[in-house]
Amino acid sequence: MNQDALAPYYADLARMSFSPGWARPAPSIWPAPQPKFKPAVWRLVAAKAALDQAGDFVPVEQAERRNLIMVNPIEGNTYATTRNIVAAYQMVKAGETARSHRHSPAALRLVVAAKPGTYTVVNGARIDMLPGDVVLTPSWSWHGHVNESDATSYWIDFLDVPFVQHAEAMFFEHHPEGLVTVTSTGPTPMRFPAGDPLGSGKEAKIAEIAKDVLPTFGLHFVRLPASTRADVAKTTTNYVYSPVRGAVRFTAEDGTDETVGPGDVIAMPCWHAHSYQAETDAVIFRVSDEPLLAKLGLTRTQPE
Ligand code: GTQ
Ligand code: FE2
């Protein structure tokens, strides 16, 4: 039959919210990942300068969080850093508090600059934030931020918001009392100082922290002595890296060649084989969504 004669049939299908699987403009299943996200870099100096400006006209009470989201620069994307992860720079000025809330997305922070007196309150527990620390706020835990020091604090947030949005499992609420009061201080299982997991020694080493605490995130510290290199094959896992110490050169097959330092962030989305080489002795914090994909049976690496 000719197309014109079939037009009423196809119109009927559309009216009934059917799409004919044999006549779709683009396939919905394909042989191997066709990554949309691309490698991208964000620099601490740029973020700091922009946040400092915002500090003059964005009150933290109004903003809830004074943050700058690292939006992967691909067409149509307005939020995510990689498919399942969003990263953001956040600033809390001396004397400020960012009131408590909770949400179904899980979050963690890597502290870039903070003086003693900067802390986050997670379900009433005071968690000090010092440079290099990783601080966790699991799904649905109350959290607010406090800066009682005399200097501005900066850190990097990582959340699984893009995944939770996709899953349509988003919940959020403000704490009825503004900032949760501190009910406990001292060591907490939600704080991971950078140096600790790697121990002493100088050899290349990778150490996982907080295993199975956040169900979507894999968190690692990587120690890479000067001029050593790590190679990462094509994998369905999405990575976001931020050096804690040293300078690290990242290269990827798409032509990416970027040297990043402390507080900078580089996204290496899935199916982008890449390498990173330490230009000086380096410690790198690495965030991935590997545990999320593993739970779904979707981790794959090529070549096997
Ligand atoms: O600090 O609670 O960058 O809820 C985005 C959402 C930070 C936070 C972000 C958040 C937070
Ligand atoms: Fe939050």
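Refer to the structure above for everything that follows.
Every residue gets a number counted from 1 within its own chain, in the order that chain's sequence is written. Written order decides the labels, with chains lettered from A and ligands numbered from 1. Predicted model: local features are reported for residues with pLDDT of at least 70 only, side-chain atom pairs are reported and counted for 80 or more only, and whole-chain, interface and lining totals are derived from all residues. Only hydrogens and water are set aside; all other atoms, that is, all heavy atoms of the structure, feed into the side-chain values.

Caption draft 1: Focus on the overall build of the chain. Secondary structure summary: the chain contains five helices and 23 strands in total. Each of the three principal axes of the chain carries a C-alpha extent, and together these read 75 × 50 × 35 Å. Whether a residue is buried, partly exposed or exposed follows from its accessible area with a 1.4 Å probe, protein chains only, as a fraction of its type maximum: under 20%, in between, or over 50%, in that order. Taking all 304 residues of the chain together, the buried fraction comes to 49%. Any pair of residues with heavy atoms lying within 4.5 Å of one another is described as a contacting pair. Summarising the internal contacts of the chain: among those between residues at least 6 apart in sequence, 75% fall at separations of at least 24. Element-wise, carbon and sulfur atoms account for 55% of the exposed surface of the chain, whose accessible area totals about 15,000 Å². Here the chain holds 27 positive side-chain charges and 32 negative ones, and the gap between their average locations is 2 Å. Secondary structure elements are defined from DSSP: runs of H or I of at least 4 residues count as helices, runs of E of at least 2 residues count as strands, and each element is numbered from the N terminus. Method for areas: the Shrake-Rupley scheme with a 1.4 Å probe, in which residue coverage is limited to the protein chains shown. In summary, the charge assignment counts Lys and Arg as positive and Asp and Glu as negative, without counting His or the chain termini. In plain terms, the charge of a residue is placed at NZ if it is Lys, CZ if Arg, CG if Asp and CD if Glu.

Caption draft 2: Expanded view of the site of ligand 1. Any residue with a non-hydrogen atom lying within 4 Å of a molecule or strand is treated as near it. Neighbouring ligand 1 are the residues Arg-65, Asn-67, Ala-88, Gln-90, His-101, His-103, Arg-109, His-143, His-145, Asp-157 and Leu-159. We define a polar contact as two N or O atoms separated by no more than 3.5 Å, with the added condition that, inside protein, one atom must be a possible hydrogen donor and the other a possible acceptor, whereas residues neighbouring each other in sequence contribute only through side-chain atom pairs. Contact between ligand 1 and Arg-65: an oxygen atom at 2.8 Å from a side-chain N or O atom of the residue. Note that an oxygen atom of ligand 1 is positioned 2.9 Å from one of the side-chain N or O atoms of His-101. When isolated, ligand 1 has an accessible area of 290 Å², and the protein chains bury 89% of it. Every element with two or more residues in the shell around ligand 1 is listed here: β3 (86-92), β4 (97-103), β9 (143-147) and β10 (153-159). Note on residue categories: nonpolar means Ala, Val, Leu, Ile, Met, Phe, Trp, Tyr, Cys or Pro, charged means Asp, Glu, Lys or Arg, and polar means any other residue, Gly included. Taken together, the residues of the shell around ligand 1 sort by class into two nonpolar, six polar and three charged.

Caption draft 3: Inspection of the side chain of Glu-64 at higher detail. Relative to the elements of secondary structure, Glu-64 occurs in the loop between α3 (60-63) and β2 (67-69). Here His-101 takes part through its side chain, which lies 2.7 Å from a polar atom of the side chain of Glu-64. Here Glu-64 is in contact with Ala-98, Arg-99, His-101, Phe-172 and His-174, once residues within four sequence places are set aside.

Caption draft 4: Molecular detail of the coordination of the iron ion (ligand 2). At 2.1 Å from the iron ion (ligand 2) lie its protein donor atoms, namely His-101 (NE2), His-103 (NE2) and His-143 (NE2). Within one chain, the residues serving as donors to the iron ion (ligand 2) are arranged as H-x1-H-x39-H. Residue His-101 is found in strand β4, and its partner His-143 is found in strand β9; the two are separated by 42 residues along the sequence. The exposure class assigned to His-143 is buried, which follows from its relative accessible area of 2%. In this description, a donor is an N, O or S atom within 2.8 Å of the metal centre, a cutoff extended to 3.2 Å for sodium, potassium and calcium. Water is not part of the atom list, which can make sites seem incomplete.

Caption draft 5: Expanded view of the sheet that holds strand β15 (residues 229-232). A pair of strands counts as paired when DSSP detects no fewer than two bridges linking them. Sheet architecture is open: four strands sit in the order β15-β21-β18-β19, paired in antiparallel fashion. The outermost strands of the open sheet, each flanked by one partner alone, are β15 and β19 (257-260). Shown here is a sheet whose adjacent strand axes are inclined to one another by a mean of 15 degrees, direction ignored. Pairing geometry for strand β18 (residues 248-252) and strand β21 (residues 274-278), over five bridges, is antiparallel. In the sheet register, Thr-251 faces β21, and the bridge partner there is Ser-275. In this analysis an axis means a line fitted to C-alpha atoms, helices contributing only their contacting stretch, and an angle means the value between N-to-C directions, from 0 to 180 degrees.

Caption draft 6: A look at unusual backbone geometry. Non-glycine residue Trp-140 carries a positive phi angle of around 70 degrees. Among the structural elements, Trp-140 can be located in the loop between β8 (134-137) and β9. Using a relative accessible area of 33% as the deciding quantity, one classes Trp-140 as partly exposed.

Caption draft 7: Structural view of the packing of aromatic side chains. Two rings from Phe, Tyr or Trp (for Trp, the six-membered ring) form a pair when their centres are within 6.5 Å of each other. A pair whose planes differ by under 30 degrees is stacked, one over 60 is edge-to-face, and the rest are tilted. Counted under the stated rule, the structure contains seven aromatic pairs. Ring centres of Phe-221 and Phe-285 lie 5.1 Å apart, and the angle between their planes is 40 degrees; this geometry places the pair in the tilted category. Of this pair, Phe-221 sits in strand β14 (residues 218-224) while Phe-285 sits in strand β22 (residues 282-288), and the two are 64 residues apart along the sequence. Put simply, the rings of Tyr-239, Tyr-241, Phe-250 and Tyr-276 touch in pairs and so form one group of aromatic residues. Counted as over-ring charges are cases with an Arg CZ or a Lys NZ within 6 Å of the ring centre that also lie within 35 degrees of the ring normal. In this structure, Lys-48 packs its charged tip against the face of Tyr-154, placed 5.1 Å from the ring centre. If you follow Arg-126 out to its NZ or CZ, it ends over the ring of Tyr-119, 4.0 Å from the centre.

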